Structures are given as C-alpha cells and as structure tokens.
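# Structural description and commentary
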There are 2 protein chains.
Amino acid sequence: MSLRKAGQDSHGQDSSYFLGWQEYEKNPYHPIQNPMGIIQMGLAENQLSFDLLKLWLRRNPDIVGLKKNGASLFRELALFQDYHGLPALKNELVEFMEKTRGSEMKFAPEKLVLTAGATPANEILVFCLADPGEAFILPTPYYPGFNRDLKWRTGVEIVPMQCSSSNGFRITSSALEQAYQQAQKMNLNVKGVLVTNPSNPLGITMTRSELNHLVDFAIHKNIHIVSDEIYSGTVFASPKFVSITGVLKERNSDNNIWNRIHIVYSLSKDLGIPGFRVGMIYSNNERVVSAATKMSSFGLVSSQTQYLVANLLMDKKFTSKYMEETQRRLKRRKEMLVCGLRNAGIQCLKSNAGLFCWVDMRHLLTSATFEAEKELWIKILYHVGLNISPGSSFHCCEPGWFRLCFANMSEDTLKVAMQRMKAFTHSTTFLLKAS
Amino acid sequence: MSLRKAGQDSHGQDSSYFLGWQEYEKNPYHPIQNPMGIIQMGLAENQLSFDLLKLWLRRNPDIVGLKKNGASLFRELALFQDYHGLPALKNELVEFMEKTRGSEMKFAPEKLVLTAGATPANEILVFCLADPGEAFILPTPYYPGFNRDLKWRTGVEIVPMQCSSSNGFRITSSALEQAYQQAQKMNLNVKGVLVTNPSNPLGITMTRSELNHLVDFAIHKNIHIVSDEIYSGTVFASPKFVSITGVLKERNSDNNIWNRIHIVYSLSKDLGIPGFRVGMIYSNNERVVSAATKMSSFGLVSSQTQYLVANLLMDKKFTSKYMEETQRRLKRRKEMLVCGLRNAGIQCLKSNAGLFCWVDMRHLLTSATFEAEKELWIKILYHVGLNISPGSSFHCCEPGWFRLCFANMSEDTLKVAMQRMKAFTHSTTFLLKAS
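Bear in mind that the values here come from a model prediction, so they are computed numbers and not experimental data. (Residues numbered from 1 in each chain as written. Chains lettered and ligands numbered in written order. Predicted model: local features only at pLDDT ≥ 70, side-chain atom pairs only at ≥ 80, totals over all residues. Heavy atoms only, no water.)

Here the distance between the centres and the angle between the planes together describe a pair of aromatic rings. For the structure shown, the criterion picks out 29 aromatic pairs over all chains. Centre to centre, the rings of W56 of chain A and F318 of chain A are 6.3 Å apart; their planes meet at 45°, and the pair counts as tilted. Pair noted here: W56 of chain A is in helix 3 (residues 50-59) and F318 of chain A is in helix 15 (residues 316-343), with a separation of 262 residues, a long-range link. Given a relative accessible area of 5%, W56 of chain A falls into the buried group. Ring centres 5.9 Å apart and planes at 90° place the aromatic pair F74 of chain A and F276 of chain B in the edge-to-face group. (Phe/Tyr/Trp six-rings, centres within 6.5 Å; stacked < 30°, edge-to-face > 60°. Helix = DSSP H or I, 4+ residues; strand = E, 2+ residues; numbered from the N terminus. Buried < 20%, exposed > 50% of the residue type's maximum accessible area, 1.4 Å probe, protein only.)

Right, here's the structure in full:
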C-alpha cells in the first residue's frame, strides 16, 4: 500500500463517529461535575460485571502474579511465543465456546487460531480466502470497522446486501441473490458472505431459517461463510443463540461445506476485556487453520494475558455464574432502555442480544433522507447531549435508525439519558406537528 | 491472498529450520536425563537475566496485580484499547530508546507506534511504504523470517544485496548500487533498504561509515530506510551502538531524509520477553505514524502487559542496572563461545552485539558449495548433537557460515556444546586431511 493510499484511508469509521467522539471528549457527562455534559451511547462496551471479575482476581493473586503452586512461571511465559498458543488456553476457549453453543456442539482446540482480538481474526480470514479485487457480501446494517478490517490491507471489496425494516432486517435468499448479481455486474468475484451473529448493530440473533438460507446460498454458489460471533455470550433472552455450526450439524452437512465455514470469536464483549486482546478463528478447514496460524504471528496474544485468561476460564463455577449474571444484567439494562425510549414515543427493534438497541426514529426526521438523519443526529448530540450512532454509519439503507449502547454506563446515567430523550421528543413532536 | 497461495507459503523459514527444530524437540539435551540429546543453538533468545526480572516482579506485587497505590486498575485496563497505547508506556519507551542511543538523542512519544512485537512492526512499515510488486533491498545474510514478514501479505519483493566475508560482510556503496541495478533489471521499483542494526545473524553493529553510505544511497535514490534495531540493547563491547538517527543528527540532515527513516524496535531481545509482544515503530514521518497507528489495530499490545512494562521501565535504577548486567553476561557468554570454538579450530566473525556469533566453518566443508554446507549442518545436528543455523537460511552468498546462539542455555550446556564441537572438528580435520 502506498503512503498516499494509507494516508487517505480512514479508520473504517465515518465522520459522524469522529465528530461524536470528539464532542464527547470535550464535554463528557458527569453526574456532579458536568451534569449537562454529553452521555456516551456510542460505545459497545460491556461494563456491567467488572465487580465479579475483580473479585475473582482478588481471590487468585497467584494467577495474576504469574505463579503456579507458588512457583513463578515468569521465565516460561516471558519466552513463550509459539503461534499455536498456550494449550491450556485453547482447551478452555473451545469449552467456553461449546457452552454458549449448547452442550451438543463439540469444538476441537487444534481448529482454533489465537489472534490479538477479533479485528486481526477477520482480516486474516479475508487474507486467507480472497485475493485483491475479489469480494465478500455483508448484510446491512453492518459494523463500520469492517471497511477497515476486511478491505484496507487485503484489497478485497465489500458488497453490501440490503436488509430492511419490512422484515425486521432479516437475511433472505432473494436479498443474498440480489447482492450476488450486483457483484457480478461490478465484475467482482464473490468469495463469501460475512455475518455478525448476534448482529451488531441490530442486537438480534439469527434465526435457524436465516442460517439455512445462508448455508444453502454458500453451497449453491460454492463460497465461504465467515460468522463473526463475538456477541454470542450476550444473548439475554429467547430465542437462544444458534451458531452456524449448530445448523450445519442439524443438516448433517458434508465436509465440503464444513470446510467453508469459519467462526470469529473474542472475549472482548462477553467478558468485557477488549484491552486484553484475546480473539480467535475457529475453522474446520485445515488449510485455513494452517495459514491463519502462521499469519497470527502478526498479532499474537501476550503470554501474560493468555495465562490469566486460561486460568479464569478454567474456573467453570465462576464462568457459569458470571455469564448468567451478566446476561441478567444486560437484560435489565436493555429493558430500561426500551422502556425509557417508549416513554419518549420511540420504538426499538425487538432484540435479545448485544450491548445496544437498534432504534427507530424515522418519525423524528423532517424528511426520509440521510441528510435529515444527520440533522437529527447533530441535534441529539448537541441539544440532547447524547452521542449515539446514526444508521448511515452502519450502511443501513433506510434513514432514521440509530444504535444506542446501554452497557457502558451506570443505571443512573442511563436514566438521565432517557429523561433527556423524553424531553427532546416531546418538544420535537410538538414542533413537527406544528410545522 | 488465495488459500492456494496461503497454503503453500512457508513460515518464512527454510526447511533446515523445521528439521532442526523437529529433531531437537524429539531429543532435547538434558544434563542428567538426556546427556546425549541435541543442544538447541538455533534460538536467538536472551535468557541470561531472568533472575533480575523475577526479583523486580517479587518486589512489585501491586504492579503485577494491576494496582496503583493499592487500588485496582483492572476495569480501566480491561477496557483500554486505544491504538495510541498507554501514554505512560510510550513515554518510558522513548526514554529507554534514548538511553541506548546516547543521551544526546531525543525521541518523542507521539512519533512512536506500539505493535504486538517487531514482526507486525516490519510488516506495517512495508504496507505503508510500498505497493504490491515494489521492492525492498536487504543486505545478506538476513533474518529468515523477513521473507514472511515483509513479503507474504504485502505482495512486496525482497532484493538481496550481497555482502561477503572479504570485508567482514559490511555494507558498501557499490553493493547497494548493484542490488539496485539488479532490481531494475527485474523491473522492480525499489522503495527502500531494510537493515538490522545490530545485525542478525552477524552480531555486529553498523559503522558510521556504513550508515553514511546507506543514507547517501537513500538520498540519491529518493527511497526509505527501515532500521530494525531490536538488538540495540545487547551491544556488549565497543564500538558503541550508533543508530541511523544518530548519523542523521550528525549530518544535520533535513526533513526530507528524516521523513524517510523508520526504526523498528521491541523488548523481546533486550529484556528477553518475546512472549509479551511489545514492539514498536518510530518514525518522523507523520503520515507513516498516522497510517501505522491505524494498522496497529491488527496487532495491539495487551493493556495488562502495557501496564506491567510501563512500570518496569519507569524504574530507571532497575533498568540501568539490568542493562549493564545483561551486557556483561552476554559478553562473558560470547567469549566462552568464541574461545570454545577457537579450541576446536573454528573462527568467528569479530562481534560486539546480539545473542549469537557468525561462525566460519568453511574449512570443514568437503567442497565450497551449499550442498556441502547442508551436509555439514546435518552432520552437526545428528552426530554432534547441536542444532545450529546454516548460512543459507540467512541467504548468505558464501557457503560455510553458521549462526550459533549462546544466550538461550546455561553456561554448563554451552561448555558441553563446545566440547562436542572440539571432538567433532578433531575427527573431521583428521578425516579431511586423510582424504
């Protein structure tokens, strides 16, 4: 990549992301010191269960101190840079994945590749599966960072697949086919579809029917599926999470399609530890696993962190309780948000997962355009004091949808945010009616 | 990259690397349990000062426990994933770099980009500076991993520059020019030269004269210099280490050339902590720093590790003593190796840095060919029981040179290795003379 190109390319986020962030940094809300400040609702962080993690750390000083049975493991860990990762960590990670995906699923540690977070995991898969100029189909709305993660250094293109509110933004066979046709018109060779399940920004898990459409499509077109499941542990309400691997198992699929299914996972969302950079690829495809393992050299997980996380996950009693409690807290928060918005006359897409809701503010737009969406976003940022994320950031094809995060603040702060929204919509609805 | 290509591409190492490693793993030396086993001399690890690091950790349980003044920083660190890195760590890293480069050099933290080790640092620089099909010149012998790090995912080519024993493998203007002409013949657009200073595998620091040749060449051709200085803290004898930045400062160079000089550094060798994945890029070029910072998302350093290392480096009294003591120990080890080999009738290139010596075994070859080099290597692996690295792995153009590491084992093991070499050469020399 030439410097010129590198210099011009963005972080993969749109300008609203930067503006919102900047304004928040200049004027962050604080209940006492800055009660009129901006409340950050654009951050998909899981901050609800740090008390549990801190308690575990307090009870396990030896692990944190890089010891085992009182003896220091510092030397061994300081030297450990095998790109196959600590076997203990991989064993625990596959068991953790199995648990979230129902006990009938079996995952094998030798099919797992450790990466420094989900960001390199997604990029590595694209490097493995596509050549520059080839393409991946992504259902919209999708995580803005994918423009950077999937395209920037690989030279691979994204073909957006349009999903709309008419069916709750669900993936359909016809929409997949339409995106494929679109790619062909653009002379792009489609190598796969990448989905997030549960979806960021929708906060919903994919249905069996959607997953079957996807698998049928991948079989029919002879392409790959990358299933980014980094929110799989946040599913707090029914229906339960169904991974693409669960559907393959039910279908008794043959190796031909198993070899074209690749999962991305990370502990950043489920455990709320993005700073620790623990991500992974899981694939049945030996060649992908082999190439991805070599590529993981470009972003290995610190052995200090591998050791800590391996031991945390080994404590099954803790992780079970932690996951259960986190999901309970997420559910409560989500209900607070939905209820608060309802009081403000705003509906959310019915959701069961994630750290955010997908919020319908179409009735607050002055016109059904992305200009009006931006106008509303600016108003909410400066006049209401909430930094939320407009649907256009997620390449949504319908103006008026926004993503609001609920797990990166205290309950009291969320209440203040909801009061502000109520005050705002009451005045706006009045103005819209009057005009 | 297609799977086909990904599957075929190697780890960047040649087959001798894998064979040597495999044989060592099957039959590793142990003084009591396996005294006839293979001694690993192919690993550039600095294992000499773990006692000092362990002592520091024991004295700083709060830091290891992610605390500050008794209060837990776990929450803040778990959430911290800013690709600009912990300011405290960057401040300490630039001071640490300044120290190694002489106190007159000033480094600025905002010109530093953190990466998960030197591996992604080198790849990121190539992504930033060259397009697929463009080239970097590398003086031979060079680190075998560069084939993977610089070429694999970037699509950039390496043009080897021939250095020979006739001048102690030093870089000359004419050799640089010759490599450049060679690239032009191959229709490759040269974007820069990448050097390791101190050199891996030579174990020597570059002279002011070599550095000036290099800078003249970069100015004349209007290209970049990447200076990989990951061994800069291992310089244990005079002449002192001179960084490319020191030479630029002496020349009163203008911004035009300053903007085309980029340093790679890491703590893996100097502190012996490769498992912790702390690497970095230092550049005066704002566009490179900006693009590289964004790319560092693909390999961020764990915040847990950032915090530990920042605090370790903050303890200036400790780091000064640590560096002094480590260099003293490295020097002693190097002298043991040189002396042991001399007793076996083998000379080393005179060295002053690194964790290895560059060893001349040309007189032990049955012919001056790479086949004979491999034959000798196999003999030393299986009959002498030493896993060393043949020069061909490093793309050396003269057969008969080998890299022997001395800092990844105990003194006693090194003595055993030297005794074995002596026994071997005495029998071999006898056989060669007799034949």
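Below, the discussion takes up the relation of the copies chain B and chain A. When chain B is fitted onto chain A, the two copies agree to an RMSD of 0.0 Å after a turn of 180° and an axial shift of 0.0 Å. What the superposition gives is, in effect, a two-fold axis relating one chain to the other. Relative to the rotation axis, the C-alpha of G299 of chain B is the closest in chain B, positioned 2.0 Å from it. Most of the interface of chain B is mirrored in chain A, where 100% of its interface residues are also at the interface. (Least-squares fit on C-alpha atoms with pLDDT ≥ 70 in both. Contact = heavy atoms within 4.5 Å.)

Moving on: the side chain of K269 of chain B. All names here are of chain B. Position of K269 relative to the elements: it lies in the loop between strand 9 (261-266) and strand 10 (279-283). The side chain of K269 is buried and forms no salt bridge, while E45, the nearest opposite charge, is found at 7.2 Å. Those residues in contact with K269 that lie beyond four places of it in its chain are A44, N46, I230, Y231 and L355. (Lys, Arg positive; Asp, Glu negative; His and termini not counted. Salt bridge = Lys/Arg side-chain N within 4 Å of Asp/Glu carboxyl O.)

Now for helix 10 (residues 208-221) of chain A. Residue and element names in this part refer to chain A. For helix 10, which comprises 14 residues, the first-to-last C-alpha distance of 20 Å matches the rise-based estimate of 20 Å (1.5 Å per residue) to within 8%. Of the positions making up helix 10, those classed as buried are E210, L211, L214, V215, F217, A218 and K221. Angular distribution of buried residues about the axis of helix 10 spans 160°; they occupy a single face of the element. Contacts made by the buried residues of helix 10 are with strand 5 (135-139), helix 9 (173-185), strand 7 (190-196), strand 8 (224-228), helix 11 (244-250) and helix 12 (255-258). At the C-terminal side of helix 10, N222 shows a positive phi close to 60°. (Expected span 1.5 Å × (residues − 1). Arc of directions from axis to C-beta.)

Bringing the interface of chain B and chain A into the picture now. By convention, interface size is frequently given as the accessible area that disappears when the constituent parts associate. Contact residues are listed per partner, giving 65 residues for chain B and 65 residues for chain A. Overall, the association of chain B and chain A removes approximately 5,800 Å² of surface from exposure, summing both partners, and the carbon and sulfur fraction of that is 62%. Linking chain B with chain A are 2 salt bridges. The tally of links between chain B and chain A comes to 14 residue pairs in polar contact (both at pLDDT 80 or more). Contributing elements (two or more residues each) for the side of chain B that touches chain A: helix 1 (3-8), helix 3 (50-59), helix 5 (74-79), helix 7 (118-129), helix 8 (146-151), helix 13 (286-295) and helix 14 (303-314) of chain B. Here the side of chain B that touches chain A gets 8 residues from one element, more than from any other, and that element is helix 7 of chain B. When the residues that make up the side of chain B that touches chain A are grouped by side-chain class, the tally is 34 nonpolar, 18 polar and 13 charged. (Buried area = accessible area lost by both parts, 1.4 Å probe. Polar contact = N/O pair within 3.5 Å; in protein donor to acceptor, adjacent residues only side chain to side chain. Nonpolar A, V, L, I, M, F, W, Y, C, P; charged D, E, K, R; others polar.)

All names here are of chain A. With respect to topology, 4 strands assemble into an open sheet ordered 11-12-15-14, the strand pairing being antiparallel. Because the sheet does not close on itself, it has two edges, and the strands there are strand 11 (347-348) and strand 14 (389-390). Sheet topology note: the strand 11/strand 12 (residues 356-360) ladder contains 2 bridges and is antiparallel. Paired with C348 across the strands is V359, a residue of strand 12. Against the sheet, helix 16 (residues 370-384) engages strand 14 and strand 15 (401-405), with an angle of about 30° to strand 15. (Pairing = 2+ DSSP bridges. Axes fitted to C-alpha atoms, helices over the stretch in contact; angles between N-to-C directions.)

This part covers the domain arrangement of chain A. All names here are of chain A. Under the domain assignment, chain A is made up of domain 1 (3-51 + 319-425) and domain 2 (60-315). Between the C-alpha centres of domain 1 and domain 2 there is a distance of 25 Å. Contacts between the two partners involve 37 residues from domain 1, matched on the other side by 41 residues from domain 2. Buried area between domain 1 and domain 2, summed over both chains or domains, comes out near 3,400 Å², and the portion from carbon and sulfur atoms is 59%. Joining domain 1 to domain 2, the criterion identifies 0 salt bridges. Across the contact surface, domain 1 and domain 2 share 18 residue pairs in polar contact (both at pLDDT 80 or more). Only helix 1 (3-8), helix 15, strand 12 and strand 15 provide two or more residues apiece to the side of domain 1 that touches domain 2. Ranked by the residues each element gives to the side of domain 1 that touches domain 2, the list is headed by helix 15, at 8 residues. In terms of residue class, the side of domain 1 that touches domain 2 is built from 17 nonpolar, 12 polar and 8 charged. (Domains from an automatic or database assignment.)

Residues and elements named next belong to chain A. The mixed open sheet is built from 7 strands, whose spatial order is 4-10-9-8-7-5-6. Here the strands that pair on one side only, and so sit at the sheet edges, are strand 4 (112-115) and strand 6 (157-161). Between one strand axis and the next, the sheet turns by 25° as a mean value, whatever way the strands run. Direction of pairing for strand 5 relative to strand 7: parallel, over a ladder of 3 bridges. Looking across to strand 7, one finds that F136 is bridged to G192.

Formed by 160 residues in total, the largest nonpolar core has its most connected members in L267 of chain A together with L267 of chain B. Beyond its immediate sequence surroundings of up to four residues, L267 of chain A is in contact with L93, F96, G272, I273, V278, V309 and L313 of chain A. A44, C357 and V359 of chain A together with Y142 of chain B belong to the second-largest nonpolar core, a separate cluster that totals 144 residues. (Core = buried A, V, L, I, M, F, W, Y, C linked by side-chain atoms within 4.5 Å.)

Below, the discussion takes up unusual backbone geometry. Of the consecutive residues N200 of chain A and P201 of chain A, the connecting peptide bond is found in the cis state with omega at 25°. Mapped onto the elements, P201 of chain A comes out in the loop between strand 7 and helix 10. Looking along the chain, the bond that leaves S238 of chain B and enters P239 of chain B is cis, with omega of 0°. Inspection of the secondary structure assignment puts P239 of chain B in the loop between strand 8 (224-228) and helix 11 (244-250). With a phi close to 50°, N69 of chain B is a non-glycine residue in the positive phi region. Tracing the chain through its elements places N69 of chain B in the loop between strand 2 (67-68) and strand 3 (71-72).

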